[in-house]
Amino acid sequence: MQSKSLAGRLPEPPSPIADDGDETRFCGTCAFSSACIAAGYDKPELAELQCLVEHVGPFRAGEHIFRTGDPFRAIFAVRAGTVKTRMVDKEGREQVLGFYLPGEVIGLNAIYPEHFPCDAVALDTAYFCRFSFPAMSALASRIPAVQQHLFRMLSKELGTASLLAGDHSADERVAAFLMDLAGRYAVRGFSATRFHLSMSRGDIANYLRLAAETVSRVLSRFRSQRLIEIEGRELELLNPKKLREIGQALLPE
């Protein structure tokens, strides 16, 4: 078997996949464990509250987790893989709304209309915890920390949308995107400097409201400046401090 450290090759980063936990321990990327543990609840106590969680998947790349207009009955926490949300207009033009990593939740924007307002599409093989929303609402009413966690996740999505609507340069947008991904992986215990980009250049460009050629040029420039190393979709951040400085206008304090 050939080594992955041959000249010019980036080593492949560990795959961010959740374990299943056990009877007393939350799985590694549980979207709600931190809130529950902080409130003093462990896994057996949550079982007694009858918070029904269903493991679903696999969904292969390109498959839908839900579609625009589907009735809203559950939210989905990503256990493994990456997901994009998108809207498609009457002319078939796609607008990418966001990307979701292990430990993050999709479907929160359907709470009010009670129908999903967008599609969720797997970018690679993905698995989920499906939370019945009535059961989750009952849990939130008993554990304020869970309710606050839901509110924080909703607030973060709204904040991201408003930032992307601002007047920012391509360099700022791409740098902020890379640093945002790095931070989200780090929070979940994965590498903050080496990771796989599950999304295509076209999807990144669409999300950042840029042309795909512009994103490619910015990545090439960052590479020539020794800010990143990139091969295909394998990315290494060589100078995170400088990238953060470039994208600071779009990043939280």
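Up top is the structure these notes are about.
As a convention, each chain's residues are numbered from 1 in the sequence order in which they are written. Since the coordinates come from a predicted model, pLDDT governs what is reported: local features require at least 70, and pairs of side-chain atoms require 80 or more to be given and counted, while whole-chain, interface and lining totals use all residues. Computation of side-chain values covers all heavy atoms of the structure but excludes hydrogens and water.

K.L.:
How would you summarise the environment of Leu 208 if you had to cite specific residues and measurements?
P.N.:
In this description a helix means any DSSP run of H or I spanning at least four residues, a strand means any run of E spanning at least two, and both kinds are numbered starting from the N terminus. With respect to the secondary-structure elements, Leu 208 resides in helix H6 (residues 201–208). Spatially, the C-alpha atom of Leu 208 lies 8.3 Å from that of Ala 170, the residues being 38 residues apart in sequence. Setting aside its immediate chain neighbours within four residues, Leu 208 contacts Leu 164, Arg 173, Val 174 and Phe 177. Only heavy atoms matter for contacts: two residues are in contact if any of them lie within 4.5 Å across the pair.

K.L.:
Describe the sheet that holds strand E3 (residues 74–80), and please don't skip the residues or the numbers.
P.N.:
Strand order in the open sheet formed by 4 strands is E1-E8-E3-E6, and the pairing between neighbours is antiparallel. Two strands lie at the open edges of the sheet, namely strand E1 (53–59) and strand E6 (105–106), each paired on one side alone. Two strands are counted as paired when DSSP detects at least two bridges linking them. When E3 meets strand E8 (residues 126–132), the two strands line up antiparallel, connected through 6 bridges. Residue pairing for E8: Val 78 is matched across the bridge by Phe 128. Set on the sheet, helix H3 (residues 133–142) makes contact with E3 and E8; between it and E8 the angle comes to about 65°. Axis geometry follows a simple rule: fit a line to the C-alpha atoms, using only the stretch in contact for helices, then measure angles between N-to-C directions, giving values from 0 to 180 degrees.

K.L.:
For H3, give the residues involved together with the corresponding values.
P.N.:
An α-helix turns once per 3.6 residues; consequently, residues spaced three or four apart project the same way. Note on classification: 1.4 Å probe, protein chains only; a residue is buried when its accessible area is under 20% of the maximum for its type, exposed when over 50%, partly exposed between these limits. For H3, every residue scored as buried is listed here: Phe 133, Ala 135, Met 136, Leu 139 and Ala 140. An end-on view of H3 places all buried positions within 155° of arc, on one side of the element. Turned more than 90 degrees from where H3 packs its buried face, Pro 134, Ser 141 and Arg 142 sit exposed. Directions pointing from the helix axis toward each C-beta atom define the arc.

K.L.:
Help me get a handle on the packing of H6 against helix H7 (residues 212–224), residues and values and all.
P.N.:
Contact geometry for H6 and H7: axes closest at 8 Å, N-to-C directions at 105°. Judged on the interaxial angle alone, H7 and H6 are roughly perpendicular. When H6 is examined against H7, the residues Arg 201, Gly 202, Ile 204 and Ala 205 are found in contact with a partner set consisting of Ala 212, Val 215, Ser 216 and Leu 219. Of the residues assigned to the contact of H6 with H7, the class counts are 5 nonpolar, 2 polar and 1 charged. Here roughly perpendicular refers to angles of 65 to 115 degrees, roughly parallel to angles under 35, roughly antiparallel to angles over 145, and oblique to all remaining angles. In the scheme used here, Gly and all other residues not listed as nonpolar or charged are polar, with Ala, Val, Leu, Ile, Met, Phe, Trp, Tyr, Cys and Pro taken as nonpolar and Asp, Glu, Lys and Arg as charged.

K.L.:
Break down the side chain of Arg 173 for me, citing the residues and quoting the values.
P.N.:
Take Arg 173: it is sitting in helix H5 (residues 170–187). Positive charges come from Lys and Arg, negative ones from Asp and Glu, while His and the chain ends are left out of the count. Salt bridges are defined by distance alone: a side-chain nitrogen of Lys or Arg within 4 Å of a carboxyl oxygen of Asp or Glu. In this structure, Arg 173 is buried with no salt-bridge partner, the nearest side chain bearing the opposite charge being Asp 167 at 5.8 Å. A polar side-chain atom of Arg 173 sits 2.9 Å from the main-chain carbonyl oxygen of Leu 208. What Arg 173 contacts, discounting residues up to four positions off in sequence, is Leu 164, Gly 166, His 168, Leu 208, Arg 209, Leu 210 and Leu 250. N or O atoms within 3.5 Å of each other form a polar contact, as long as, within protein, one can give a hydrogen and the other can take it, and as long as residues adjacent in sequence are counted only when both atoms are side-chain atoms.

K.L.:
Describe the pattern of salt bridges, and please don't skip the residues or the numbers.
P.N.:
Using the criterion set out here, one finds 14 salt bridges in the structure. Among the salt bridges present, the one from Asp 171 reaches Arg 221, with a minimum N-O distance of 2.5 Å. You can see Asp 171 sitting in helix H5 and its partner Arg 221 sitting in helix H7, a full 50 residues away along the chain. For Asp 171, a relative accessible area of 22% gives the class partly exposed. Its salt-bridge partner being Glu 229, residue Arg 223 comes within 2.8 Å of it at the nearest N-O pair. In this structure Glu 229 comes out as buried when scored by relative accessible area, which is 18%. Linked through salt bridges whose partners overlap, the residues forming this network are Lys 84, Arg 86, Glu 94, Asp 119 and Asp 203.

Shape is all these values report; function is a separate question.
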